[in-house]
Amino acid sequence: MKIGSSLPQKVVNEVWHEQTILRLLQLVELPLLDVLLDGRGSGSQLRSVDSDPDILFTCNYLDREILKAFSDSQADDWLSAAVDCLEFLPDQMVVDASRNLATCPEETEKCKRLLYDTVVKYYNQNREPLLRNHFFDIHTGITEFLVNGKLEQALEAIQLSLKLLDSRSREELRRLLCFMAVAAVPTEFRLQKDIENRMAVKRAFTKAIVCHKSLAKGKVDLLVLFLLDNQKDVFKIPGVLHKLVSDKLAYILHGRDPDLDTGYTFCQRLSSQECSSTVQKTTKDELWTLLRTIHENPKLSTKEKKRLLGQFYKSHPDVFIQYFGDCAHTVYT
């Protein structure tokens, strides 16, 4: 973005993060904000082999380069997508795959079976899902959109939530979804005899993408299939977010207060006195409601009602006397 080129990268990153959260809050109702406010992408960046001379001539590096060369020589989208996924696998698995492929260079289906089984084996290990569980409330909101047929809102919410992922997790998920999409094509290499490819990849990789015991299996499947079907779009940045960020950066660049002129407002600024007064009034109103509920509850016995009213009087005598007036002392005795 050109307008951000005149500002420190840290400021630009903070604006992107802030505006992504604000827009997400417009779409999804979240009970807690701590996770979003503290969940800045902190994952490790993709390691560039060229920038690390210590690994240039290791066997592991050579095996990875051999796999890339093999993929390029095949001119096959399926193989290319599978090899791209291997970049995130541990060295030993890559070495094994590379050397096993050397035994079947001309047998495409055998090569695909080997690569597929390798990727599946890795992603079926016990590991944190790529859609982090601390974003569970966001994922729940997205599945509700899907259940109710609100596909546009679901897509934008996913795009925003993926923007909050660290760069490594986001790229790993992108590559995995790309591979799943290619492997799911019905006319492609048959992954399992008894089910179609689309269901096979869903079954094989769902737990690697999203896994939370509080999210129903049906909703998990719905979310994964939506990601699969829209894998080219979910990593795009929504136009609304682009505008929010551009506007705020422009205001910052021109020395204006962006919080007053741009973005969404979710709260009202109060002085400490106003805040204290609001807290007191809200507390009193809630206590009044609780007292009325006890007093007017027909399901409580007379004895139980007097006991509860007596406890309330001991804790909040001022509210109790205001509610019952002159007969306050006779109510609970």
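Per chain, residues are indexed from 1 in the order of the written sequence. Since the coordinates come from a predicted model, pLDDT governs what is reported: local features require at least 70, and pairs of side-chain atoms require 80 or more to be given and counted, while whole-chain, interface and lining totals use all residues. Only heavy atoms go into the side-chain values, all of them from the structure, while hydrogens and water stay out.

Two rings from Phe, Tyr or Trp (for Trp, the six-membered ring) form a pair when their centres sit within 6.5 Å of each other. Planes less than 30 degrees apart are called stacked, planes more than 60 degrees apart edge-to-face, and all others tilted. In total, this model carries 12 aromatic pairs according to the counting rule given. Judged by centre distance (5.3 Å) and plane angle (70 degrees), the ring pair of Tyr 313 and Phe 320 falls under edge-to-face. Phe 320 matches Tyr 313 in its accessibility class, with the two residues each being buried. Look at Tyr 323 and Phe 324: their rings are 4.7 Å apart centre to centre, the planes differ by 75 degrees, and that puts the pair in the edge-to-face class. Here Tyr 323 matches Phe 324 in class, with each residue buried. Three or more aromatic residues joined by ring pairs make a cluster, and in this case those are Trp 78, Tyr 116, Tyr 122, Tyr 123, Phe 179, Phe 189 and Phe 205. Each residue gets one of three labels from its accessible area relative to the maximum for its type: buried under 20%, exposed over 50%, partly exposed in between, using a 1.4 Å probe on protein chains only.

Salt bridges are defined by distance alone: a side-chain nitrogen of Lys or Arg within 4 Å of a carboxyl oxygen of Asp or Glu. Inspection of every chain in the model, using the stated rule, returns 19 salt bridges. One salt bridge in this structure joins Glu 188 and Lys 112, with 3.0 Å as the shortest N-O distance. Of this pair, Glu 188 sits in the loop between helix H9 (167-183) and helix H10 (197-209) while Lys 112 sits in helix H6 (residues 108-123), placing them 76 residues apart in sequence. Classification of Lys 112 by relative accessible area gives buried; the value is 6%. Between Arg 175 and Glu 171 there is a salt bridge, with its nearest N and O atoms 2.8 Å apart. Going along the chain from the N terminus, every DSSP run of H or I of four or more residues is numbered as a helix, and every run of E of two or more is numbered as a strand.

Our focus in this paragraph is the side chain of Glu 171. The topology assignment puts Glu 171 in helix H9. Among the residues examined, Glu 171 registers a relative accessible area of 18% and is labelled buried.

Turning to H6, a few remarks are in order. When the terminal C-alpha atoms of H6 are compared, their 23 Å separation across 16 residues agrees well with the 22 Å that a helix rising 1.5 Å per residue should span. Those residues of H6 not exposed but buried are Cys 111, Lys 112, Leu 114, Leu 115, Tyr 116, Thr 118, Val 119, Val 120, Tyr 122 and Tyr 123. Helices are assigned an expected span. That span is 1.5 Å times one less than the residue count.

Attention now moves to the nonpolar core. In terms of nonpolar packing, the biggest core is built from 77 residues, with Trp 78, Tyr 116, Phe 179, Phe 205 and Ile 209 touching the most fellow members. When near neighbours in sequence (up to four residues on either side) are disregarded, Tyr 116 contacts Trp 78, Phe 179, Leu 191, Ala 200, Val 201, Ala 204 and Phe 205. Residues grouped as a nonpolar core are buried Ala, Val, Leu, Ile, Met, Phe, Trp, Tyr and Cys residues, joined through side-chain atoms within 4.5 Å. Counting 12 residues, the second-largest nonpolar core is a separate cluster that includes Leu 287, Leu 291, Phe 312 and Phe 320. Contacts were defined at the residue level, with two residues in contact if any of their heavy atoms lie within 4.5 Å.

A few words now on the packing of helix H8 (residues 151-163) against helix H11 (residues 217-229). Every angle, taken between N-to-C directions, lies between 0 and 180 degrees, and every axis is a line fitted to C-alpha atoms, over only the stretch in contact when it is a helix. Running from N to C, H8 and H11 cross one another at 80 degrees; their axes reach a closest spacing of 12 Å. Here H11 runs roughly perpendicular to H8, going by the angle between their axes. Every residue of H11 that contacts H8 at Leu 151, Ala 154, Leu 155 and Ile 158 is listed here: Leu 223, Phe 226 and Leu 227. Classes in brief: Ala, Val, Leu, Ile, Met, Phe, Trp, Tyr, Cys and Pro nonpolar; Asp, Glu, Lys and Arg charged; the others, Gly included, polar. Here the residues of the contact of H8 with H11 are counted per class, giving seven nonpolar, no polar and no charged. We call two directions roughly parallel when the angle between them is under 35 degrees, roughly antiparallel when it is over 145, roughly perpendicular when it lies between 65 and 115, and oblique otherwise.

Moving on, we get to the environment of Leu 241. By secondary structure assignment, the location of Leu 241 is in helix H12 (residues 239-253). Residue Leu 241 is classed as buried on the basis of its relative accessible area, which comes to 0%. Between the C-alpha atom of Leu 241 and that of Thr 20, which follows or precedes it by 221 residues, the distance is 6.6 Å. The residues contacting Leu 241, other than those within four sequence positions of it, are Trp 16, Gln 19, Thr 20 and Leu 160.

Confidence along the protein chain averages 82 in pLDDT terms, with 82% of residues attaining 70 or more. Values of pLDDT, ranging from 0 to 100, describe the predictor's confidence in every residue of the model. Considering only residues more than four positions removed or in separate chains, one finds that residues 41-57, a stretch of pLDDT under 50, has 21 contacts.

Closest axis-to-axis distance for the helix H7 (residues 136-147)/H11 pair is 10 Å, and the angle between their directions is 85 degrees. Between H7 and H11, the angle falls in the class roughly perpendicular. Residue-level contacts link His 139, Ile 142, Thr 143, Glu 144, Leu 146 and Val 147 of H7 to Lys 219, Leu 222, Leu 223 and Phe 226 of H11. The class makeup of the residues in the contact of H7 with H11 is six nonpolar, two polar and two charged.

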